[in-house]
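One letter stands for each residue in the lines below.
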Amino acid sequence: MKPKILVIGAAGQIGIELVRSLRLKHGETSVIASDLRCPDIYSSDEYFVPLDVLDDSALRHLIIDQNITEVYLLAAVLSAKGEENPLFAWNLNMQSLLNLLEIAKDQLIDKLFWPSSIAVFGSLSPQFNTPQNCVKNPNTVYGISKLSGEQWCAYYHEKYDVDVRSLRYPGLIGHESQPGGGTTDYAVSIFYDAIRNNQYNCYLSEDRSLPMMYMEDAISATIKLMEADSDTIKVRDSYNLAGISFSPKDLANEIVKHIENFRIQYEPDFRDIIAASWPNSIDDSVAKKTGIGMRSTISNQWSWTCYLILKEK
Ligand code: NAD
Ligand code: SER
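Residues numbered from 1 in each chain as written. Chains lettered and ligands numbered in written order. Predicted model: local features only at pLDDT ≥ 70, side-chain atom pairs only at ≥ 80, totals over all residues. Heavy atoms only, no water.

K.L.:
Could you give an account of the site of ligand 1, with specific residues and numbers?
P.N.:
Around ligand 1, a shell composed of 27 residues is seen, among which Gln-13, Asp-35, Asp-52, Tyr-142 and Lys-146 lie nearest. Measuring from an oxygen atom of ligand 1, one finds a backbone N or O atom of Leu-172 at 2.9 Å. Considered on its own, ligand 1 offers 830 Å² of accessible surface; in the complex 93% of this is hidden by protein. The pocket occupied by ligand 1, as judged from atoms lying within 2 Å of grid points, is the largest pocket. Elements supplying a minimum of two residues to the shell around ligand 1: α1 (13–26), β6 (116–117), α5 (141–160) and β9 (171–173). (Near = heavy atom within 4 Å. Polar contact = N/O pair within 3.5 Å; in protein donor to acceptor, adjacent residues only side chain to side chain. Areas by Shrake-Rupley, 256 points an atom, 1.4 Å probe, with all protein chains shown as cover. 1 Å grid on protein atoms, 1.4 Å probe; cavity = no way out; pocket = protein on both sides within 12 Å on 5 of 7 lines; lining within 4 Å. Sits in = over half its atoms within 2 Å of the grid points. Helix = DSSP H or I, 4+ residues; strand = E, 2+ residues; numbered from the N terminus.)

K.L.:
Could you give me a rundown of the pairing of strand β4 (residues 70–73), with the residues and numbers involved?
P.N.:
With burial as the criterion, each face of β4 is covered, one bearing Glu-70 and Tyr-72 and the other bearing Val-71 and Leu-73. Direction of pairing for strand β1 (residues 5–8) relative to β4: parallel, over a ladder of four bridges. Bridging from a neighbouring strand, Val-7 pairs with Tyr-72 of β4. Pairing geometry for β4 and strand β5 (residues 111–113), over three bridges, is parallel. Note that in β5 the partner of Tyr-72 across the bridge is Phe-113. (Buried < 20%, exposed > 50% of the residue type's maximum accessible area, 1.4 Å probe, protein only. Pairing = 2+ DSSP bridges.)

K.L.:
Outline the pattern of salt bridges, supporting the account with residue identities and numerical values.
P.N.:
Counted under the stated rule, the structure contains 16 salt bridges. Put simply, Arg-20 and Glu-176 hold a salt bridge, and the shortest N to O gap is 3.3 Å. Of the two residues, Arg-20 is situated in helix α1 and Glu-176 in the loop between β9 and α6 (186–197); the sequence distance between them amounts to 156 residues. Arg-20 sits in the partly exposed class, given a relative accessible area of 39%. By relative accessible area, which is 40% here, Glu-176 ends up partly exposed. One salt bridge in this structure joins Asp-269 and Arg-271, with 2.6 Å as the shortest N-O distance. Given a relative accessible area of 26%, Asp-269 falls into the partly exposed group. (Salt bridge = Lys/Arg side-chain N within 4 Å of Asp/Glu carboxyl O.)

K.L.:
Mind laying out the nonpolar core, listing which residues take part and the relevant values?
P.N.:
With 34 residues, the main nonpolar core has Val-7 and Leu-18 as its most contacted residues. Broken down by secondary-structure element, the contributors of at least two residues to this core are β1, α1, β2 (31–35), β8 (167–169) and α7 (215–227). A per-element tally of this core places α7 first, with seven residues. Every residue in contact with Leu-18, bar those within four places of it in the chain, is listed here: Val-7, Tyr-72, Leu-74, Ile-219 and Ile-223. Ala-119, Phe-262, Ile-274 and Trp-278 belong to the second largest nonpolar core, which has 32 residues in total. (Core = buried A, V, L, I, M, F, W, Y, C linked by side-chain atoms within 4.5 Å. Contact = heavy atoms within 4.5 Å.)

Following this line, the structure appears as structure tokens:
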């Protein structure tokens, strides 16, 4: 049966690209985009619906009226922004997920995708090749909400047979949309500042290496996970997902190859402390073993990725 898809948080960094990919695959009428805000790209979009995901009644009505079968829940407050108002971040990140898990439990939808993050790990987790299962002690409200969310997903799957699927995304880098308040945002904004000003003030220290992934790889992994047979999905909290790892200094050295007079200054702030508690690299062998092809292709050629982004702008 053809899915009817709802993307919540469709105006965000991932949402814009995910909606585009899903519509290419399933057709425009099969993918409803929704968000609190309506940016220009959706202003004359017939299949955009304004929605506050915390309004449970409006959410249920939309799902029933549109005969939705699958939901991608992307609405959240990210790591850096979450620290400005921890209780607001906790409420949005948790209640949105619980609303959708209850809707899935009530069998109003067949499948739910909810992204987790490398932010679930902490200073006690192994820093290199961080495994699927290990100690996790997140130091941000965002990380705490993602770790709790993972456990809720596993709980609803085990108790109520809810078909919820999840990936722990690394920092995502794309050239179609802007990031919305994370610790890894520098890896996108550095390109814009390099092109506009030949210069970037970096809020992370120069050697702060983090796991990252090219957006196209993340979208492809997400769609593959959602298309897989339910019995192949053995992990119901969230799968580690890996692309590449690099530091601000590595990225700056690569940009200089394209913009000769590019300069970078380091002014580490609270985001550097968050980043210091996150892994340097991720072991995604469990995801690879599912055999559903969640491999990074473009991310591995990250200097090429830089070039592509620069060329596009
Ligand atoms: P984003 O901040 O760019 O987008 C989130 C969107 O949610 C925004 O458009 C916002 O308007 C919308 N939103 C906020 N409150 C809402 C509400 N009450 N109702 C409806 N919509 C609301 O975030 P993103 O980078 O696209 O991330 C999407 C998801 O992926 C999040 O769960 C995030 O934690 C996760 N993730 C992202 C990254 C990354 O690098 N971008 C990495 C790991 C995990
Ligand atoms: N990119 C995200 C952030 O920095 C990771 O989940 O918050």
